[in-house]
Amino acid sequence: MVVNVASKCGLTPQYKGLQQMYADKHDQGFTILGFPANNFGGQDPGTDDEIADFCGTNYSVAFPVLSKISVVGGDQHPLYSALTAAIPTADGNEARRERLRGLNMTPNEDPDVVWNFERFVIAKDGTVAGRFAPAVTPDDPVLLALIDAELAK
């Protein structure tokens, strides 16, 4: 699973659930790749080392948290270009957009990632099996069912 993460976001506590998911499913071949991104409100301004230290110290993160990348915009990393092209919409993102509009912010439109902690489930064959909005928590039954189904293949 690929997740754009941030250290200073209201959703940052999701690191705890992501780490639990990783611990529960890693022996079955599951992994999480966290990509810090500073695209949304400057919520991950630190260096790669500072972000890694934060994740380890505050959430005991054992899954890979890689180098910071851009997940939207003109400097969007090619990985995120491919992910969003594969599945252009995440269920639940419209609710996030409405919340951002209520805060007088202009949210990204599809196919762009709308905020931190959006998830892409990658199948064993490399295809994108699912895309989940930031509000979908790591313990969400639909997310877990898709991961379990992909692991069973």
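Above this text you will find the structure in question.
Parameters and conventions
By convention here, each chain's residues receive numbers from 1 onward along its written sequence. Local features in this predicted model are restricted to residues whose pLDDT is 70 or higher, and side-chain atom pairs enter the listing and the counts only when it is 80 or higher, whereas totals over whole chains, interfaces and linings include all residues. Values shown for side chains rest on all heavy atoms present in the structure; no hydrogens or waters enter the calculation. We treat two strands as partners when DSSP finds at least two bridges between them. Helix and strand labels come from DSSP, where a helix needs a run of H or I of at least four residues and a strand needs a run of E of at least two; each type is numbered from the N terminus. Comment: axis = line fitted to C-alpha atoms, over the contacting stretch for helices; angle = value between 0 and 180 degrees taken between N-to-C directions. Contacts: residue pairs with any heavy atoms within 4.5 Å of one another. Any residue under 20% of the maximum accessible area for its type is buried, any over 50% is exposed, and the rest in between are partly exposed; the area is computed with a 1.4 Å probe on protein chains only. Take a side-chain nitrogen of Lys or Arg and a carboxyl oxygen of Asp or Glu: if they are within 4 Å of each other, that pair is a salt bridge.

A. Main features of the pairing of strand β4 (residues 128-132). In this structure, strand β3 (residues 119-122) lies alongside β4, joined through four bridges in antiparallel fashion. By the bridge assignment, F120 is partnered in β4 with R131. With antiparallel pairing between neighbouring strands as the criterion, β3 and β4 make up a hairpin whose turn holds five residues, including G126 at a positive phi of roughly 95 degrees.

B. View of the sheet that holds β3. Spatially, β2-β1-β3-β4 is the arrangement adopted by the four strands of the open sheet, whose pairing is mixed. Single-partner strands in this sheet number two, and they are β2 (33-36) and β4. Sheet twist, expressed as the mean angle between neighbouring strand axes with direction ignored, is 20 degrees. Direction of pairing for strand β1 (residues 2-5) relative to β3: antiparallel, over a ladder of two bridges. Within β3, the residue paired with V2 across the bridge is F120. Here helix α3 (residues 78-86) sits on the sheet in contact with β1, β2, β3 and β4, set at roughly 120 degrees to β1. Of the strands in this sheet, β3 and β4 are in contact with helix α5 (residues 141-152), which crosses β4 at around 165 degrees.

C. Representation of unusual backbone geometry within the structure. The phi angle at S60 is positive, at roughly 50 degrees, despite the residue not being glycine. With respect to the element layout, S60 can be found in the loop between α2 (48-59) and α3. Here F117, not a glycine, exhibits a phi torsion of approximately 70 degrees, which is positive. Within the secondary structure layout, F117 lies in the loop between α4 (93-102) and β3. When its relative accessible area of 0% is taken as the criterion, F117 is described as buried.

D. Representation of the pattern of salt bridges in the model. Inspection of the entire model under this criterion finds three salt bridges. In this structure, E118 engages R131 in a salt bridge whose closest nitrogen and oxygen atoms are separated by 2.5 Å. Taken as a pair, E118 in the loop between α4 and β3 and R131 in strand β4 lie far apart in primary sequence, 13 residues in all. Here the two residues E118 and R131 agree in accessibility, since each one is buried. Here E150 and K153 are joined by a salt bridge, their closest N and O atoms 3.0 Å apart.

E. Examining the environment of G41 more closely. Topologically, G41 is positioned in the loop between β2 and α2. Under the relative-accessibility criterion, G41 is labelled exposed at 63%. Note: C-alpha distance between G41 and N116 (75 residues apart in sequence) is 9.7 Å.

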